[in-house]
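Read off the chains here:
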Amino acid sequence: MSDRSTTPGSQLRRGAGALWDSIAAAARSSCAAVCAVLRLCEEWLFGAKRAQYGLAVTRILLGVMIVGVVLTNFTTMRYTFGSGAAWTGQLEYPSSDFAKIFPFTLVNQAAHSDIGILAVMLGLLACGVLFMVGYRTRLVMIPLFVLWVGFLSINTYVQDQSDNLTRISFLALFFTASSDRWSVDAFRRIKHRDTQGNALLRLWRFQIVLPGWFTTLLHNLAVVVLICQLCFVYASGGLFKAGGVPWQNGTAVYAPIHTERFGTWPVLSDLATAWGPAVAIATIGTVLIQVSFPFLMLNRFTRVFGLLAILGFHLGIGLLMGLPWFSLSMIALDAIFIRDKTWSKLTRRLRLSWEERRNSKKAHLSIGEPAEHDPLAAPAPTSASN
Amino acid sequence: MTQTPATEPAVPRAPHRTALARITLVVTGLFTAWHIFASFLWISPPSELRSVVPGNLLEEYMIPWYGQSWSVFAPEPINGDYHFQVRAIVSDGEKTGGKATYKATEWVDASSVELSMSRYNLFPPRAASLSVQQASKLLNQWKELNSDQKKTVALGYYEGDNWLGRMQEALDKQGTDKSKVVNYILQERYSSAYATQVAYAIWGQDRVTQVQFMVSRQNIVPFAERHDPDAQRPDAEIADTGWRGLITMPGQSNENFRDVFLAHYDGNAR
């Protein structure tokens, strides 16, 4: 209240000073906020490898998918990819870009002969199984990638968008430690935990060679890339659909499953689309879930809902539209959105119930005669707690 | 989010990373940011935002490794069936007095034969949609032709080895856009090659002299009429194409085609 006597000039000066102070304070605090965010990002990227169990599930399911594609097309491989399909012109004038890029050209060339396409399929089968179980994963991924991308580029008549997605995902997976969990490699690492050797030997034994911060950084950046890729795929898929009348009026899912190509189970298609409101829910729900997928992933509660909804969506596509391997690759990649905490909780619960069952069985057995060589009595593996 | 053993001492994380780590973080982080931004632009519906990337850089970065398109079943999902039917002129094989007799066969729906591989099959092979794909490719190019050109392709072209070239010349004379003709002729070639394989498989390589294919697309019963037992499917759109000579693409194995095709051909497909 003593300011009442001051001149207008000094008031102005004081006002300007206060303004300046608050600007400086704001600048300081926003700078601090930016620094805090940057530090948080740095900590997230360097702190630990994220989504390790999720990526293990991705690896396992992608392996199953590749094995499944090979087995599904095994008896018709020469008809679809080999010399039986030369009429498509795809052998002589391949339309895929990859058919012109080394080493994928080799796979394309191999398709010309019966032995060659058989070798490609068997190679894919072997690499797919090894990838699935995580056996020398980093090494196996190289021939697997060449064979898979090459195989898909043989005949573009039978390609679909999930083929693009698996290729793109593999490019990111190369930078991840996808076999750190639930793999033969992980067992190997534990087995050789206390042994020494040169870098090559250590690599062969799946021991840590490169500095931890470096592999962790690449791993986490690749996880970010995969997460963004999936979010973009779902959201754009929803946006593209939202412009179409059948998606707006809630009838779109009816049409494809009543065509011969995508309605592989006509009786189920009739059943699934008999009740109009269900068709509308599936149609509008698809658009809404797809568009909102990135935002649903931000919060634990909505994430559970979003992932269950999208799982149902993929199971529906896999069964009703005859696209099981397309669906499985999408499900495989969605697994990275489930936190490591959740995966470990899940496995712990499974193990507990398994041990309980085993114990009750043992108790039951011991009433009769003692089971001296119970194969189930081996100590439970403790791989998840390293 | 690794599980850290409870025994590990709770050492506060060293906030000071080495300079190398920080530089690596900045470089890889910036590259990742660019990749994500480029993916965003490429995957999302095209907008003016794409113009912030200079020149052709976006496409050069994305293609071929990150090539993808997610307008699947959008804006409208597929609502019709493509079919590829084949018939042939076959000789009776028995030369009576040195003279063979020729007759046209019934139509065989090759697409139905292939699609039977996926019907009620949890794990359908990709082979099931080969001719459906060829049918849609030919029909889409046929639709690009003008009415005069459509009349031309309805005629028979089979004499000699150069019938496809003669058809191309005739089509070129009737239209101004030569690229449309090239695209159509390409699909004629592959369609004839497919029809030849189907005919060889069913009627035998030594008997077939000409083939004809009928490519069509027919929409399904509309949603609103799905419970109407008398509902009719809309009329099929048919590419009217005449008799054609035989084409065998280089490297084609007739046996590898025949073995699979006949395994699913019950002898009386439509």
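Residues numbered from 1 in each chain as written. Chains lettered and ligands numbered in written order. Predicted model: local features only at pLDDT ≥ 70, side-chain atom pairs only at ≥ 80, totals over all residues. Heavy atoms only, no water.

## A short note on the confidence of the model for chain B
Residues and elements named next belong to chain B.
Turning to step 1, where the next piece is worked out: For chain B, per-residue confidence averages 91 on the pLDDT scale, and 90% of positions sit at 70 or higher.
Turning to step 2, where the next piece is worked out: Segment residues 1-12: pLDDT under 50, and 14 contacts once partners within four positions in sequence are set aside and those in other chains are kept.
Turning to step 3, where the next piece is worked out: Reported for the predicted complex are a pTM of 0.89 and an ipTM of 0.91. (pLDDT = per-residue confidence, 0-100. Contact = heavy atoms within 4.5 Å.)

## Observations regarding the nonpolar core
Turning to step 1, where the next piece is worked out: Counting 129 residues, the largest nonpolar core has A:Tyr79, A:Trp148, A:Phe151, A:Phe170, B:Tyr194 and B:Phe261 as the members making the most contacts within it.
Turning to step 2, where the next piece is worked out: In terms of residues, this core owes the most to one element, helix 7 (residues 178-203) of chain B, which gives 13 residues.
Turning to step 3, where the next piece is worked out: In contact with A:Trp148, not counting residues within four places along its chain, are A:Met65, A:Ile66, A:Val69, A:Leu124, A:Thr166 and A:Phe170.
Turning to step 4, where the next piece is worked out: A:Tyr254, A:Ala255, B:Ile220 and B:Phe223 belong to the second largest nonpolar core, which has 7 residues in total. (Core = buried A, V, L, I, M, F, W, Y, C linked by side-chain atoms within 4.5 Å. Buried < 20%, exposed > 50% of the residue type's maximum accessible area, 1.4 Å probe, protein only. Helix = DSSP H or I, 4+ residues; strand = E, 2+ residues; numbered from the N terminus.)

## Things to note about a nonpolar patch on the surface
Turning to step 1, where the next piece is worked out: On the surface, a cluster of nonpolar side chains totalling about 260 Å² of accessible area is made up of A:Val129, A:Val133, A:Tyr135 and A:Val184.
Turning to step 2, where the next piece is worked out: Among the structural elements, A:Val133 can be located in helix 5 (residues 114-133). (Patch = residues over 30% accessible without salt bridge, like charges linked within 9 Å, V, L, I, M, F, W, Y side chains within 5 Å. Areas by Shrake-Rupley, 256 points an atom, 1.4 Å probe, with all protein chains shown as cover. Salt bridge = Lys/Arg side-chain N within 4 Å of Asp/Glu carboxyl O.)

## Overview of the pairing of strand 4 (residues 208-219) of chain B
Residue and element names in this part refer to chain B.
Turning to step 1, where the next piece is worked out: Here strand 1 (residues 80-91) runs beside strand 4; their pairing, made up of 11 bridges, is antiparallel. If you follow Ile89 over to strand 4, its bridge partner there is Gln210.
Turning to step 2, where the next piece is worked out: Pairing of strand 4 with strand 5 (residues 237-239), which is carried by 3 bridges, proceeds in the antiparallel orientation. Bridge pairing links Arg217 to Glu237 in strand 5. (Pairing = 2+ DSSP bridges.)

## What about the interface of chain A and chain B?
Turning to step 1, where the next piece is worked out: Each partner contributes to the interface: chain A provides 98 residues, whereas chain B provides 82 residues.
Turning to step 2, where the next piece is worked out: When the two sides are added together, the surface that chain A and chain B hide from each other amounts to roughly 7900 Å², 65% of it contributed by carbon and sulfur.
Turning to step 3, where the next piece is worked out: For the chain A face of the interface with chain B, the top three residues by lost area are A:Tyr79, A:Trp87 and A:Glu260, together amounting to 12%.
Turning to step 4, where the next piece is worked out: With a shortest N-O distance of 3.0 Å, A:Glu43 and B:Arg17 are connected by a salt bridge.
Turning to step 5, where the next piece is worked out: The interface formed by chain A and chain B contains 33 residue pairs in polar contact (both at pLDDT 80 or more).
Turning to step 6, where the next piece is worked out: If one sorts the elements of the side of chain A that touches chain B by residue count, helix 10 (residues 212-242) of chain A sits on top with 16 residues.
Turning to step 7, where the next piece is worked out: Of the residues that constitute the side of chain A that touches chain B, the class distribution is 49 nonpolar, 31 polar and 18 charged. (Buried area = accessible area lost by both parts, 1.4 Å probe. Polar contact = N/O pair within 3.5 Å; in protein donor to acceptor, adjacent residues only side chain to side chain. Nonpolar A, V, L, I, M, F, W, Y, C, P; charged D, E, K, R; others polar.)

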